[in-house]
Amino acid sequence: MSEFDSPPRAARPFIAFIPLLRANGFAIAPEQTIAFLSAIALLGPRDLEDVRRAGLATLAPPPERRAAYDALFDMHFLDAEGDGLDEGEEDDVVRVQEDRRGMDDPLAADESNESGEDATRAEALVERRFGPAGPGDALRRLSREAGRRLPKRLSYRRLRARRGAAVDLRRTLRDAARNDGEVIRLSHLKRRMRPRRLLVLIDVSGSMKARTQDNLSLAHALTQATPRVEAFTFGTRLTRVTRPMRLKRREQALASAAQIVSDWDGGTRIGDALKAFLAVPRFASYARGAVTLIISDGLERGDPAALAEAVARLSRSAWRLSWLTPLAVGRDFRPRTQALIAISRFVDDMVDGGSTPAIVDHILALQRRRAA
Amino acid sequence: MAPRGSIVGIDSPEALERALRSAYYLADEGLATAAYLALALGKPLLLEGSPGVGKTEAAKAIAAVLARRLIRLQCYEGIDASAALYEWNYPRQMLAIRQAGEQTIDIYGEPFLIERPMLASLRSPDSTVLLIDEIDRSDQEFEAFLLEFLSDFQISIPERGTVRAAERPVVVLTSNRTRDLHEALRRRCVYHWIDYPTPEREARIVMARASSVAEGTARAVVAAVGRLRREPLSKAPGIAEAVDWAEAATLLNRGGARWPDAFKRSIGVALKDEEDLAYVSGRLDAMIAESVA
């Protein structure tokens, strides 16, 4: 029975550390607590650093929350102040814009939105609330047809088939064993098709304000409809919103995205945002072989050359790069702004992104286009 | 399973660190502690970090320290049981059926089984280290399947029954973190995030790996590489690149190139992306000059 007695007095401070971590958003399983205690026993422990390292190894705090772990550890074991706890941004947010107060941006000619530049400077960090959105026929159509009509690629896994390049040796042999070792029919395998990865980058700057909510709803519908979607928003920051988009209910998904994105309706530095995206290897790998959609009006505050370079790089790693802009209305649309002209030779499609039905039409038509 | 406490005479993180050092791997305290705990608790060791910080090397060094054979399973998207676990030797089975004639024959016997890495490690857990490399490249299905393997250390082969490890095998997993691993996987493992080493340690690594490199060269290379890593490059130079760069520069220097110039001419072994090269090209001279100073 002694196994179920309360733990020895010496172990209590270590056990008490676990609820503190849990209360601060670290997910720790009971088996990890056990491993933590065995690790401490194994190490001696000779000093507190042993305990800290045992915790790092067995409780496995994610590397981007290491500072928070250390702060909690110091608070719990060293009675230190709890500062430094909330410091350090989430792993999924990258600040795009560096401080350049006082320096001038020469480019303001082709802008319709006078306050855009100021907004970029001040990096308007605001909170945004979304009202309940109508579901929309287009989104329903997207969820219904996504499985069939989104672009696919060949998988490395094989599937039984009537005809196919490879012979299913296992099945053929089993059939043969049933027929006195006589191979009567060859079973075949073919390679399975898998949905291609989809990457959606959504402009949430002031000039796209009217479309932001619809675009996020679209990203949510896509994430729900097909397994491999990565979604980002950009303005003055780049924020990965894939995790909120995975929540089932749309209102909940949008509300939780609204919490982590802090640059709603501010300015834009699309070039810098895309560069920031490409500079994080983890993010950049999402673009490889992916159907990449950028929903943005392309009203760039930064340097068009930098934007073109970033788009060129993105286009090289993507399967097909679509630029969806509300400006591209009508068949005789030609890019006018400096930024759109600069990127038009790198993007595969520059099409109407001004309404949800238009975007859905484009996405569902992608499969028929060849990889570019 | 009860903690082992000591394995081949290694009874503390420091002892492991010394042993690793004699295998030419310089581990910091965090890594030595995590690796020791993994060995002692009989849990898999999960190493994460940027490409080129020495995750795979760590596994090799651990195998060397334990004097065990390293079995490497390179993950890729679509990896499945026939590549990771076992496969039947079908042509052989077919021939055996033909030859047997009227006699009965067991075509699922040992001679027809082809071992793949995970089965191999289960069948000789005391003489192997299993390295499951770049687990983040595999897909979710394989990760889920791995969970089962890592918690029970057993594999079931429908035709033969369950293969269970006699003792817990030593397993090292590495990930470049191109996607988030499942929480359950992290939970089952002892975890360590390998960061880039401090300049001091990296200089020692460079000298240990490339014996021809002088100390001054190693320090200059490490300082320059440290500067490059702070730039937003698409592929920051790892430790292997630092070692290569130091060796290449030393080689050029022996061939007659002068110092700052030898670094600059061999930059191609440190930065392997044309755009990265273009990005730093303007400031490279200044960077190298600062590092040499």
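Note that the structure is predicted; figures quoted are calculated from it, not measured.

Observations regarding the nonpolar core
Part 1 of the argument: Ranked by internal contacts, the top residues of the largest apolar core, which has 105 residues, are Ala39(A), Ala35(B), Leu37(B), Ile62(B), Val190(B), Val206(B) and Val221(B).
Part 2 of the argument: With 10 residues, the single largest contributor to this core is helix α2 (residues 29–41) of chain B.
Part 3 of the argument: Dropping the residues within four chain positions of it, Leu37(B) is found in contact with Ala39(A), Leu42(A), Ala54(A), Ala57(A), Thr58(A) and Val190(B).
Part 4 of the argument: The next biggest cluster of nonpolar side chains, apart from the first, holds 62 residues, and it includes Ala146(A), Val200(A), Ile270(A) and Ile363(A).

Let's talk about the interface of chain B and chain A
Part 1 of the argument: Facing 32 residues of chain B, the contacting portion of chain A comprises 31 residues.
Part 2 of the argument: For the side of chain B that touches chain A, the secondary structure elements donating two or more residues are α2, α5 (90–100), α8 (183–188) and β9 (190–194) of chain B.
Part 3 of the argument: Among the elements that make up the side of chain B that touches chain A, the one with the highest residue count is α2(B) (7 residues).
Part 4 of the argument: Looking at side-chain class alone, the side of chain B that touches chain A contains 13 nonpolar, 8 polar and 11 charged residues.

Regarding the domain arrangement of chain A
Part 1 of the argument: Domain parsing of chain A yields domain 1 (2–78), domain 2 (137–149 + 196–368) and domain 3 (154–194).
Part 2 of the argument: Between domain 1 of chain A and domain 3 of chain A, the C-alpha centre-to-centre distance is 52 Å.

Observations concerning the packing of helix α11 (residues 270–279) of chain A against helix α13 (residues 304–317) of chain A
Residue and element names in this part refer to chain A.
Part 1 of the argument: With their axes 8 Å apart at the nearest point, α11 and α13 run at an angle of 35° to one another. Where α11 crosses over α13, the handedness of that crossing is left-handed. Between α11 and α13, the contacting residues are Ile270, Gly271, Asp272, Leu274, Lys275 and Leu278 on the first element and Ala306, Leu307, Ala310, Val311, Arg313 and Leu314 on the second.
Part 2 of the argument: Residues of the contact of α11 with α13, tallied by class, amount to 8 nonpolar, 1 polar and 3 charged.

A look at the domain arrangement of chain B
Residues and elements named next belong to chain B.
Part 1 of the argument: Once the domains are mapped, chain B shows domain 1 (13–88 + 115–194) and domain 2 (199–292).
Part 2 of the argument: Distance between the C-alpha centres of domain 1 and domain 2: 32 Å.
Part 3 of the argument: Contacts between the two partners involve 8 residues from domain 1, matched on the other side by 10 residues from domain 2.
Part 4 of the argument: Among the residues making up the side of domain 1 that touches domain 2, the classes are represented as 4 nonpolar, 3 polar and 1 charged.

Procedures and definitions
- Residues numbered from 1 in each chain as written.
- Chains lettered and ligands numbered in written order.
- Predicted model: local features only at pLDDT ≥ 70, side-chain atom pairs only at ≥ 80, totals over all residues.
- Core = buried A, V, L, I, M, F, W, Y, C linked by C-beta atoms within 7 Å.
- Buried ≥ 20, exposed ≤ 12 C-beta atoms within 10 Å, placed from the backbone.
- Helix = DSSP H or I, 4+ residues; strand = E, 2+ residues; numbered from the N terminus.
- Contact = placed C-beta atoms within 7 Å.
- Nonpolar A, V, L, I, M, F, W, Y, C, P; charged D, E, K, R; others polar.
- Domains from an automatic or database assignment.
- Axes fitted to C-alpha atoms, helices over the stretch in contact; angles between N-to-C directions.
- Left-handed = near helix turned anticlockwise from the far one by under 90°.

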